[in-house]
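For reference, the chains in residue letters:
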Amino acid sequence: MVQHPQIGTDTLVGDILRDHPALREKVVELFGPDCVSCRSNRHETITYTSWHKGLDPEAVVRELNDALKKSK
């Protein structure tokens with residue numbers, strides 16, 4: 001079984017979408033559908049995107065990691 005590193009506040013949104021396709025819907029839920037198709041997601045961290053959307057980055061990381069655990 002391949003172990004993926006945990007998602008952190010410095011993880012790029014684009015990396016999550018690429019490495020964890022099962023989290024696509026969670027990313028849409030948290031950041032909105034535009035975030036999935038935006039080319040900037042390759043350069044924006046969870047912290048940056050969370051602040052841009054008015055969210056707590058630590059809470060977002062917890063939600064994404066919880067969803068990642070459930071997807072396995």
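Preceding this section is the structure that the text describes.
What counts and what doesn't
Residues numbered from 1 in each chain as written. Predicted model: local features only at pLDDT ≥ 70, side-chain atom pairs only at ≥ 80, totals over all residues. Heavy atoms only, no water. Helix = DSSP H or I, 4+ residues; strand = E, 2+ residues; numbered from the N terminus. Rg over C-alpha atoms; globule rule 2.2 N^0.38 Å. Core = buried A, V, L, I, M, F, W, Y, C linked by side-chain atoms within 4.5 Å. Buried < 20%, exposed > 50% of the residue type's maximum accessible area, 1.4 Å probe, protein only. Contact = heavy atoms within 4.5 Å.

**Observations concerning the overall build of the chain**
Next, step 1: In terms of helices and strands, the chain carries five helices and zero strands.
Next, step 2: Seen in sequence order, the chain has helices and strands lined up from the N terminus as α-α-α-α-α.
Next, step 3: Whereas a compact globule of 72 residues would reach a radius of gyration of roughly 11 Å, the chain reaches 11 Å, a difference of no more than 12%.
Next, step 4: Each of the three principal axes of the chain carries a C-alpha extent, and together these read 35 × 20 × 20 Å.

**Some thoughts on the nonpolar core**
Next, step 1: The biggest cluster of nonpolar side chains holds 16 residues, and the ones touching the most others in it are Ile7, Val13, Ile16, Val27, Phe31, Ile46 and Leu64.
Next, step 2: Among the elements of the structure, helix H1 (13-19), helix H2 (24-31), helix H3 (33-37) and helix H5 (57-71) are those that each provide at least two residues to this core.
Next, step 3: Among the elements that take part in this core, H5 stands out by supplying five residues, more than any other.
Next, step 4: In this view, Val13 contacts Val27, Phe31, Cys35, Asn41, Glu44, Thr45, Ile46 and Thr49; residues no more than four positions away in its chain are not counted.

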